[in-house]
Amino acid sequence: MKINIDGKVFNADRAKISVLDHAFLFGDSVYEVLRTRGGALENYEEHFERLQASARFIHLELSHDAAFYRCEIEKTCRALGAPEAAIRWIVTRGIGDLSLSPMDCVPSFVIIAKALNLAVIPPFVKLVIVRQITSDQLSVDPSIKTGNRLAHVLAMHEVKVAGGYEALLKNREGQLAEGLTSSFFFVHENCLHTPSLQTGILDGVMRRHVLAAARKLGIQSEEGKYHEETLEQADAVFICSSTRGIVPVDAIDHLTFKSRGNQIVISLDQQIEKVGVY
């Protein structure tokens, strides 16, 4: 692992931020997670645009442009020396007074690059429907990614206690939403389904690419509002994210699925790998 703090690259045991940084004090930061493939950044422009939108939403002015951050991410990855890397890119409010006021803070950035071992990603996973926390509680707004992640931590604790890999969240209306770190899809009667953005989910970068791959392959797709009972009719289920790509799901609570052998899931995975978007 290599960590870049404001342009200086450190080993993990040497990387330090101030306890007065508002990211530490209040979770006052925004972030993106992306990866490299063969040493090259994947979907950088889309991730920068979303980071910029998140920062704008919380009135955090980025200190640098897209080209600068790309250079810093690439520098960090070169220091890491791994062709496949998972990258967590954070912009913090910076050091300020011991108060909620952000006015005197100077923004800072942190880039964490870690070797991505695809072999440790399970070939299929179990999801757990989280009962105590809704998707609405995870963010100030579903379209932004902030450093305030306590609700995610509590939800993941619930998942691990139940022996799962990832959560499946609902919104306040009881509609299926998304995972803690992933987008959610299911297949029914040769049609690909995913919760719509109107359910209060993040506009995931990989989610966009899966829908684009479906269009290219001529696979019918639908973005809608679904309830838990819908899953009883699902032929296959998968989650996706920028670092993991498509991961088939073989169980959600007590329900089981044959997702690994589903032709739509296989075709989408092959198409995404072919064009190299994850």
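Residues numbered from 1 in each chain as written. Predicted model: local features only at pLDDT ≥ 70, side-chain atom pairs only at ≥ 80, totals over all residues. Heavy atoms only, no water.

The biggest cluster of nonpolar side chains holds 23 residues, and the ones touching the most others in it are Val30, Tyr44, Tyr69, Ile73, Ile87, Trp89 and Val91. Of all the secondary-structure elements, those providing two or more residues to this core are β3 (29-37), α2 (44-57), α3 (66-80), β5 (85-95) and β6 (106-115). The residues contacting Val30, other than those within four sequence positions of it, are Leu51, Ser54, Ala55, Ile58, Leu60, Trp89, Ile90, Val91, Lys145 and Thr146. One finds Ile121, Leu168, Val237 and Leu255 within the second-largest nonpolar core, a separate group that totals 18 residues. (Core = buried A, V, L, I, M, F, W, Y, C linked by side-chain atoms within 4.5 Å. Buried < 20%, exposed > 50% of the residue type's maximum accessible area, 1.4 Å probe, protein only. Helix = DSSP H or I, 4+ residues; strand = E, 2+ residues; numbered from the N terminus. Contact = heavy atoms within 4.5 Å.)

Moving on to the environment of Ala167. Mapping Ala167 onto the fold places it in strand β8 (residues 166-168). Taking the C-alpha atoms as reference points, Ala167 and Tyr226, separated by 59 residues in sequence, lie 16 Å from one another. Not counting residues up to four positions away in its chain, the partners in contact with Ala167 are Val128, Val130, Val159, Glu178, Gly179 and Leu180.

Our focus in this paragraph is the pairing of strand β12 (residues 236-241). Consecutive side chains along a regular strand alternate between the two faces of the sheet. A large share of β12 lies buried, amounting to 6 of its 6 residues. As paired elements, strand β9 (residues 183-188) and β12 share 5 bridges and run antiparallel to each other. Each bridged residue has a counterpart across the sheet, and for Phe184 the counterpart in β12 is Ile239. Of the strand pairs in this sheet, β12 and strand β13 (residues 245-252) are connected by 5 bridges, and their pairing is antiparallel. (Pairing = 2+ DSSP bridges.)

Right, let's talk about the packing of α2 against helix α5 (residues 205-217) for a bit. Between α2 and α5, the least distance of the axes is 10 Å, while the angle of their chain directions is 135°. Taken as axis vectors, α2 and α5 run oblique relative to one another. Across the interface between the two elements, Glu46, His47 and Arg50 of α2 pack against Val205, Arg208 and His209 of α5. Residues belonging to the contact of α2 with α5 are distributed by class as follows: 1 nonpolar, 2 polar and 3 charged. (Axes fitted to C-alpha atoms, helices over the stretch in contact; angles between N-to-C directions. Parallel < 35°, antiparallel > 145°, perpendicular 65-115°, else oblique. Nonpolar A, V, L, I, M, F, W, Y, C, P; charged D, E, K, R; others polar.)

So, on to the side chain of His152. Structurally, His152 is set in helix α4 (residues 150-161). The exposure class of His152 is buried, given its relative accessible area of 11%. At a separation of 3.0 Å, a polar atom in the side chain of His152 contacts the side chain of Arg149. (Polar contact = N/O pair within 3.5 Å; in protein donor to acceptor, adjacent residues only side chain to side chain.)

Mapped onto the elements, Arg35 comes out in strand β3. The exposure class of Arg35 is buried, given its relative accessible area of 1%. Polar side-chain contacts of Arg35 include one of 2.3 Å to the side chain of Glu84.

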